[in-house]
Every structure is written in structure tokens, then in C-alpha cells.
Amino acid sequence: YHAPGRLLTTTGDQRHSIERKTSSSRDQAYFDQIFPELVNGLLTNGLHYAELQEANQWFKKVCEYNVPCGKKIRGLTVQHSYKCLVNKPNQDNLHLAGILGWCVEWFQSFLLVADDIMDNSITRRGKSCWYRREGVGLKAINDLLYLENTIYVILKKYFSTKPYYVDLMELFHETALQTITGQCLDLNTTPSGRLDFTYFTLDRYHTIVKWKTAYYSFCLPVALAMYMAEITDTKTHGNAREILLRMGTYFQVQDDYLDCFSDPELTGKIGTDIEDNKCSWLVVQALAKCNDEQRKDNYGQNDSAKVSKVKDLYIELGLPDLYQQYEDESYKQLMELIDKLSGSLPKEMFVAYMNRIFRRQR
Ligand code: FPP
Ligand code: MG
């Protein structure tokens, strides 16, 4: 199933996308080179006991398999936001912003390893999910705890002498709890486990995605950069949060659409939302449009013929078009929100984040 193709038709769009590429590939290269430095540091620092050699080797594999292979939108955003916030940042701080970006990627990797177990997923980032690897299985639970706790080792090593150290640490703790709470809602939208659309409302949907995705994917990276830039004012943080939560909602709607309609070759993962009975944006929109007959029987079952029927129905109900409208509408709304709320923060910081994800295919 493919969404109707959309070409960037105007020269403005094309020019924009070329500019986006050149500046961001330099940033990406700078960011990428930090990863091996961090892993090697973790192996020699703190975990250096000879008797832990075996554990260290395993840990290295866990990190290398799970941390560096995503799109790295969140990590790169910390680095980029910091550059937007500080006039002529020095090399040391740029390096630190990159490290903080990697902490977010470590955070993301721990969530994804956990989420794939809970959602019974098969592939992630073009590879087998970690828990499905030969010789891993439920050891993945220990590994995701490894990944989570690594964040605090890195923070301590690089930031413990900074005045904003506690802010960073608290933000990671707070964000973990927010995400876990959202995941709880995501997993319990059908409490009985049976086909029951009672809670599949747009309100419920917005609540789920705010907590399970938007806080950690959007508010966290920018707030970290703000703390590094020593911006602590709660009003400024609050306004940034409002913009970023809206952006995060848009991102999760994209994720839901791609789960169903994208090419797994592009996204690197095979969608499971229909089988898993998820309160996805698509099913919420479909429920608002369909008749009693169309509501019946096919959702939430591990049966590829039924999954295909649901996808056919989505197309029949015009959801691909509706999604395109939603994308365009979201862009417009976001630009207005940015104008209204960015205050002393550089608009460019938010606009760049939005441009990084707008009309994404993966
Ligand atoms: C994919 O991001 C991830 C999401 C769209 C968020 C889904 C939410 C979770 C995984 C939260 C799970 C929560 C718990 C508590 C386990 P992406 O497409 O940017 O991924 P990438 O890093 O692979 O590119
Ligand atoms: Mg999930």
C-alpha cells in the first residue's frame, strides 16, 4: 500500500531541501563521530574491572546494535538547538551538546527495545528487533536497563561539574516517567483485550501520543539544549513545550500512517498497529466515518487477510487524502504557534525541527 505520491513541485521547496541536506550532513558527521568515543569511554571508565570483561563485551554489542542506527532526529536536535540558542558556542560546548544528543539516542534505544517486546514487533531500523535475535530473547529486558542506566553514567562523566547537571538529570527522570505513563495508556486502551472501540476517541488519542511520544521526542531534546544554554525560566520552557507537544502529536500521526501505508524497506520496520489493536490515528478517523457494517470483525487480529481488509477500508474511506490534509494543516498551525509563542527563543530552532520531519517517508 502506498500513499499517493507527492512531489516537491516548487523550486522554493527544492532549494530548501538542498540547503537542508548540506548543512545537516556536516552536523550529522560531527554527531556520528562522538558515538564510538562514548562507547569506548564507557568500556574503559567505570566498567573497567577485569572480571567484568564478558559483561562489557555484551554491553558493547547491545549499544552498537541498538543505539546508533536510527534517523537520530532527536539527538541531532539537541546539537542543533544548542547552536541556535548560543551565539558563537565554543568547541567544548558543541562537543557536550553532541554528547547530550547521544544521551537522548540512548534513551530512545531503551524505549524501542522495550516497545518492540510489548508490541510483538519483528523488525526495527531494517534489522531484526533486539529481543528476536538469536541468543537474546528476554535477556533484552536486562539489556534495556543497561541502556537506560548508561545515560546517567555519561551525564555524570561529562556534566557533573556543570551548574545545570541536576536539571539534565531530573529532566531525563521526569521524561522517562511521562513516557512510561503514555505507554501504559497505549497498552490499555482496550482493557478487556477484546474488540471494543469505546476508548478510541480523538481525545484519548491525543492524550496517549502526548505522553508516550511528544515529551521524549520533542520536549526533551530542546529542553536539554535550553538548560545547557542556561535558560531556566519556566515561562520560556512552558511556551517551548506547547509548541513541541503539538509537533510531537504530528510526528506520532505520521508514525501511525507510516505503520500502515509505508514501505517497510523505507521505515525499516513492519507495522503491527492493526494486529495489536492500537488506538492509531487511522482507526480513530475511520471510526468517525464508517457505518456499522464496516466496523465489524477485522481489527486487532493476527490474520493478514483481515489486516488487508482494514487497509482496504482505510483507502475506501479516503484516509490517505485526509492524512495529506492533516500534514498541511499541521504545518500551518505549527508555524502560527511558533510565531505566537517562541518569544525570546529563536524561531529558526523550531522551524528547523519541523522541517526535519515534515512529509517524512520514514
Ligand atoms: C519511533 O521513532 C518511535 C516512536 C514514534 C514513539 C513510539 C513510542 C515509544 C517507542 C514509547 C515506548 C515507551 C516505553 C515506555 C517502552 P523514530 O521513527 O524516530 O525512530 P528511529 O530512532 O528508529 O528513527
Ligand atoms: Mg508501542
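Quick caveat, the model's predicted, so the values are computed rather than measured.

## A word on the overall build of the chain
Here is step 1: Counting its secondary structure elements, the chain contains 15 helices and two strands.
Here is step 2: Taken against the 2.2 N^0.38 rule, which gives 21 Å for 362 residues, the C-alpha radius of gyration of the chain at 21 Å falls within 12% of a compact globule.
Here is step 3: Across its three principal directions, the C-alpha atoms of the chain cover 65 × 50 × 35 Å.
Here is step 4: The buried share among the 362 residues of the chain stands at 50%.
Here is step 5: Expressed as a percentage of contacts within the chain between residues at least 6 apart in sequence, the contacts between residues at least 24 apart total 78%.
Here is step 6: Total accessible area computed for the chain in this model is approximately 17,700 Å², and 51% of it derives from carbon and sulfur atoms.
Here is step 7: Each charge class in the chain was averaged separately, 43 positive and 46 negative side chains, and the resulting centres sit 3 Å apart.

## Notes on the site of ligand 1
Here is step 1: Around ligand 1 there are 20 residues in total, and K71, R74, Q108, R125 and Q252 lie nearest to it.
Here is step 2: Here K71 contributes a side-chain N or O atom positioned 2.6 Å from an oxygen atom of ligand 1.
Here is step 3: Contact between ligand 1 and Q108: an oxygen atom at 2.8 Å from a side-chain N or O atom of the residue.
Here is step 4: Out of a free accessible area of 630 Å², ligand 1 has 94% covered by protein chains.
Here is step 5: Those elements that place two or more of their residues in the shell around ligand 1 are α5 (91-119), α7 (165-187), α8 (202-228) and α9 (234-261).
Here is step 6: Across the shell around ligand 1, the residue classes break down as seven nonpolar, six polar and seven charged.

## Examining the nonpolar core
Here is step 1: Grouped together as the largest cluster of nonpolar side chains are 109 residues, with contacts concentrated most on W106, L155, F159, F172, M247 and Y314.
Here is step 2: No other element matches α8, which puts 16 residues into this core.
Here is step 3: Residue contacts for W106: discarding those within four places in its chain leaves F35, L38, V39, L42, C63, V67, L147, T150, I151 and I154.

## Thoughts on the environment of L145
Here is step 1: Summarising the element assignment, L145 is placed in helix α6 (residues 139-159).
Here is step 2: As for L145 and V113, which are separated by 32 residues in sequence, their C-alpha atoms are 9.8 Å apart.

## Re empty space enclosed by the protein
Here is step 1: One pass over the full model with this rule turns up two cavities of 30 Å³ or more.
Here is step 2: Taken as a whole, the largest cavity holds about 100 Å³ of empty space.
Here is step 3: Only α3 (53-66), α5 and β2 (127-128) provide two or more residues apiece to the lining of the largest cavity.
Here is step 4: Ranked by the residues each element gives to the lining of the largest cavity, the list is headed by α5, at four residues.
Here is step 5: For the lining of the largest cavity, the residue count by class is six nonpolar, three polar and four charged.
Here is step 6: Put simply, the second largest cavity is a space of about 30 Å³.
Here is step 7: Taken together, D256, D259, C260, D273, I274, S280, L282, Y299 and Y314 form the lining of the second largest cavity.
Here is step 8: With three residues, the top contributor of residues to the lining of the second largest cavity is α9.

## Digging into α6
Here is step 1: Over its 21 residues, α6 runs 31 Å from end to end, which matches the ideal 30 Å to within 8%, given 1.5 Å per residue.
Here is step 2: Within the sequence span of α6, burial applies to A140, D143, L144, L147, E148, T150, I151, Y152, I154, L155, Y158 and F159.

## Quick notes on the coordination of the magnesium ion (ligand 2)
Here is step 1: Taken together, D115 (OD) and D119 (OD) make up the full set of protein donors to the magnesium ion (ligand 2), lying 2.1 to 2.3 Å away. Linking D115 with D119, this pair stays in helix α5, spanning four residues, or about one helical turn. By the burial criterion, D115 is buried, and D119 matches it.

## A word on a nonpolar patch on the surface
Here is step 1: Together, L138, I141 and L145 line one region of the surface with nonpolar side chains, adding up to about 290 Å² of accessible area.
Here is step 2: Along the chain, I141 falls in helix α6.

## Looking at unusual backbone geometry
Here is step 1: One non-glycine residue, R125, adopts positive backbone phi at about 55 degrees.
Here is step 2: Turning to its location among the elements, R125 is positioned in the loop between β1 (123-124) and β2.
Here is step 3: Although it is not a glycine, E230 sits at a positive phi angle of roughly 60 degrees.
Here is step 4: Looking at where E230 falls in the secondary structure, it is placed in the loop between α8 and α9.

## Observations concerning the packing of aromatic side chains
Here is step 1: Counted according to the given criterion, the structure contains 23 aromatic pairs.
Here is step 2: Consider the rings of Y65 and W130, whose centres lie 5.0 Å apart with planes at 45 degrees: the pair is tilted. Note that Y65 is positioned in helix α3 and W130 in the loop between β2 and α6, a separation of 65 residues in sequence. W130 shares its class with Y65; the two are buried.
Here is step 3: When the ring of F200 is compared with that of Y299, the centres are 6.4 Å apart and the planes differ by 85 degrees; the resulting orientation is edge-to-face. With F200 in the loop between α7 and α8 and Y299 in the loop between α12 (292-295) and α13 (304-316), the pair connects residues that are 99 residues apart, well separated along the chain. A single burial state applies to F200 and to Y299, both of which are buried.
Here is step 4: These aromatic residues form a ring-pair network of at least three members: Y250, Y257, F261, W281, Y314, Y323 and Y326.
Here is step 5: We note K127 situated over the ring of Y65; from NZ or CZ to the ring centre the distance is 3.9 Å.
Here is step 6: The positively charged end of R360 is found above the aromatic ring belonging to F251, 3.8 Å away from the centroid.

Criteria and thresholds
Residues numbered from 1 in each chain as written. Chains lettered and ligands numbered in written order. Predicted model: local features only at pLDDT ≥ 70, side-chain atom pairs only at ≥ 80, totals over all residues. Heavy atoms only, no water. Helix = DSSP H or I, 4+ residues; strand = E, 2+ residues; numbered from the N terminus. Rg over C-alpha atoms; globule rule 2.2 N^0.38 Å. Buried < 20%, exposed > 50% of the residue type's maximum accessible area, 1.4 Å probe, protein only. Contact = heavy atoms within 4.5 Å. Areas by Shrake-Rupley, 256 points an atom, 1.4 Å probe, with all protein chains shown as cover. Lys, Arg positive; Asp, Glu negative; His and termini not counted. Charge placed at Lys NZ, Arg CZ, Asp CG, Glu CD. Near = heavy atom within 4 Å. Polar contact = N/O pair within 3.5 Å; in protein donor to acceptor, adjacent residues only side chain to side chain. Nonpolar A, V, L, I, M, F, W, Y, C, P; charged D, E, K, R; others polar. Core = buried A, V, L, I, M, F, W, Y, C linked by side-chain atoms within 4.5 Å. 1 Å grid on protein atoms, 1.4 Å probe; cavity = no way out; pocket = protein on both sides within 12 Å on 5 of 7 lines; lining within 4 Å. Points joined across faces, edges and corners; volume = space filled by probe spheres on them. Expected span 1.5 Å × (residues − 1). Donors = N, O, S within 2.8 Å, 3.2 Å for Na, K, Ca; no water. Patch = residues over 30% accessible without salt bridge, like charges linked within 9 Å, V, L, I, M, F, W, Y side chains within 5 Å. Salt bridge = Lys/Arg side-chain N within 4 Å of Asp/Glu carboxyl O. Phe/Tyr/Trp six-rings, centres within 6.5 Å; stacked < 30°, edge-to-face > 60°. Lys NZ or Arg CZ within 6 Å of the ring centre and 35° of its normal.

As far as function goes, none of this settles anything; it's purely spatial.
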